[in-house]
Structures are given as C-alpha cells and as structure tokens.
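As a plain string of letters, each chain reads:
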Amino acid sequence: MLEVIPILCRAGQMDNYAYLLVDKNTGTVAVLDASEAEPIIEECERKKIRPQFLLNTHHHFDHVEGNAELKALFGAKIVGAAKDKSRIEGLDISLNDGDVFKIGDSEARIISADGHTIGHILWYFVQDKVLFTGDTLFNLSIGGLFEGTPEQMWNSLQKIKQLPDDVLFYPGHEYTAYGMNALEGEAGRKYAEKVQKRLSEGKPAGPISLGEEKECNPYLKIDKLQDFCRLFN
Ligand SMILES: [Zn+2]
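Read on for an overview of the structure. All residue numbers refer to positions counted from 1 along the written sequence of the respective chain. Whole-chain, interface and lining totals are the exception, using all residues; otherwise, since this is a predicted model, local features are given only for residues with pLDDT of at least 70 and side-chain atom pairs are given and counted only at 80 or more.

1. Some words on the sheet that holds strand 13 (residues 168–171)
And then number 1: At least two DSSP bridges between two strands are required for those strands to pair. Each helix is a run of DSSP H or I of at least 4 residues and each strand a run of E of at least 2, with the numbering of both proceeding from the N terminus. The strand order across the open sheet formed by six strands is 7-8-9-10-13-14, and the pairing between neighbours is mixed. Each edge of the open sheet carries a strand with a single partner, namely strand 7 (100–103) and strand 14 (208–209).
And then number 2: Bridge count for strand 7 against strand 8 (residues 106–112) is four bridges, and the pairing is antiparallel. Within strand 8, the position partnered with K102 by the bridge is E107.

2. Regarding unusual backbone geometry
And then number 1: Cis peptide bonds are those with omega within 30 degrees of zero, and the linkage from G206 to P207 qualifies with 5°.
And then number 2: Its location among the elements puts P207 in the loop between helix 5 (185–200) and strand 14.
And then number 3: For K129, which is not glycine, the phi torsion reads 55° and is therefore positive.
And then number 4: Following the sequence through the fold, K129 ends up in the loop between strand 9 (121–125) and strand 10 (130–134).
And then number 5: Think of it as a crowd count around each C-beta: if 20 or more other C-beta atoms lie within 10 Å the residue is buried, if 12 or fewer it is exposed, and in between it is partly exposed, with C-beta placed from the backbone throughout. Given 17 C-beta atoms within a 10 Å radius, K129 is considered partly exposed.

3. Concerning the nonpolar core
And then number 1: Ranked by size, the top nonpolar core spans 55 residues in total, and within it A18, V31, L32, L54 and W123 carry the most contacts.
And then number 2: Our contact criterion uses C-beta atoms placed from the backbone: two residues qualify when those atoms are within 7 Å. When near neighbours in sequence (up to four residues on either side) are disregarded, V31 contacts A18, L20, I40, P51, L54, L55 and L70. Note on terminology: a nonpolar core is a set of buried residues of type Ala, Val, Leu, Ile, Met, Phe, Trp, Tyr or Cys, with members joined through C-beta atoms within 7 Å.

4. Considering the pairing of strand 13
And then number 1: Inspection of the sheet shows strand 10 paired to strand 13 by four bridges, in the parallel sense. Opposite L131, over in strand 13, you have F169 as the bridge partner.
And then number 2: For strand 13 and strand 14, the ladder comprises two bridges, and the chain directions are antiparallel. Among the inter-strand pairings, F169 is bridged to a residue of strand 14, identified as I208.

5. Examining the sheet that holds strand 5 (residues 77–81)
And then number 1: Spatially, the six strands line up as an open sheet ordered 1-2-3-4-5-6, and their pairing is mixed. Both outer strands of the open sheet, strand 1 (2–9) and strand 6 (93–95), are each paired with one neighbouring strand and no more. Adjacent strand axes in the sheet meet at a mean angle of 25°, parallel and antiparallel pairs treated alike.
And then number 2: A fitted line through C-alpha atoms represents every axis, and for helices the fit uses only the stretch in contact; the resulting angles, taken between N-to-C directions, go from 0 to 180 degrees. The strands touched by helix 1 (residues 37–47) within the sheet are strand 1, strand 2 (16–23) and strand 3 (29–32), with strand 1 carrying the most contacts at an inclination of about 140°.
And then number 3: Against the sheet, helix 3 (residues 67–74) contacts strand 3, strand 4 (53–55) and strand 5, and its axis sits at roughly 165° relative to strand 4.

The values reported here are purely geometric and, on their own, carry no functional implication.
Take a look at the structure:
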C-alpha cells in the first residue's frame, strides 16, 4: 500500500507539488519531482524518513532542482526517463515506456507521455490506483507544449483517458483555480464544491479521480483530434 504526501514547493510562484511516496509494507520512501530541496527535507525530518529514490516526470528545472541536494543528503538514487538521460543531472536509473519500477512492494508502471516535453513520463501505480501526471495533466487544464506537437499531447491524453475512472491523479502544479471558470453542469458543480473546500482549508485541490476529471477537464472532454489541434492554431 502506497501513502502519498503532497509537499507544496515554490509556493506563490510556480506552486509545484513534490510528493513523498511511502510504501507502507516495507517503509521504502521515494520523492517524486523534487522541485526544491528545503521543504522536502523539512517534511522528511518531521516524519523521520529517508528517501531512497528520487523519481522524475521530466527534466524541467522546477521539477528536478532538489535532486542533487537530496541525493547527497540521503544517498538516494535519481530515477527518470531514458530519453532525459542527458537532461536530468545525475540520473542513476533510466526507464522506458512500459517498464515497472518498485518502491518496496508498490509497483509503478511507466507510461511515456510526450507533449509538454519529449521524454515526459507518467508514473502509474496500478494496484494502488494512483497516477502522477507531472506537467501533462493538471486539474482542469494541461501542460504547455514546450517540445511536443498537439498530436503528441493528444496521444498522451488518450492514454490517460483509457485508465480506470477510480484512479486518483496527482499533478505537478496547483493550477486548479485557473480552470474553474470552465466548469459547467452538475459534474462541474460537484467538482467546484470539492476543490473549493479543500483549497479554502489550505490543502491541495487534488487528488481528483480520473472519472471526475474526464467529465470536467475541457481538454479531456474533446473527442476529436482535429478539434483538439484547433486549440493550438
Ligand atoms: Zn514542465
């Protein structure tokens, strides 16, 4: 069983989320997207845990900048996409689409998701029904196309849409508020109620289930590639 603890990084600037992943069976700990070292170290000290792995979704600085310090402090291994080998500094373990990586007894399947970058990966813990989407999928929006084409982003989003509705997803940034205006209908009303309550309590808006996101995220609601591509013209 996997416990997921969000840590807000670069608060008030880029509002990144790093995530502490604790495998409850073995006590094995990983950090996903170590945005900056300080808040992650504080949380590890508070919980008296030492991460063994530093997992990455993609190479952007606001997702990897804490890696070096955490690696030095904890002796943790840096894990990321083989395609990012030359761009994620100190990468120890490189993974490809379909690979399985274990945090203790918790198994993640790697899903390649080009679009925001080429080489972006999603971390999907199948048994735990947990998905880390980095800068591919946010609550109510998607990541910008820095390196990939609209077609590549579309393909990545279709992979996410094919996953079960009861999977909870954890995005790389707290951008929910920007997408609230687009919410409509009964599903939108429920979504708004849920995330507004959490945000007003100072908590992350997520996690939201993929079922709810498929109903409310305007980018996931589009059924045709050509309609999707039109958004980027
Ligand atoms: Zn990014």
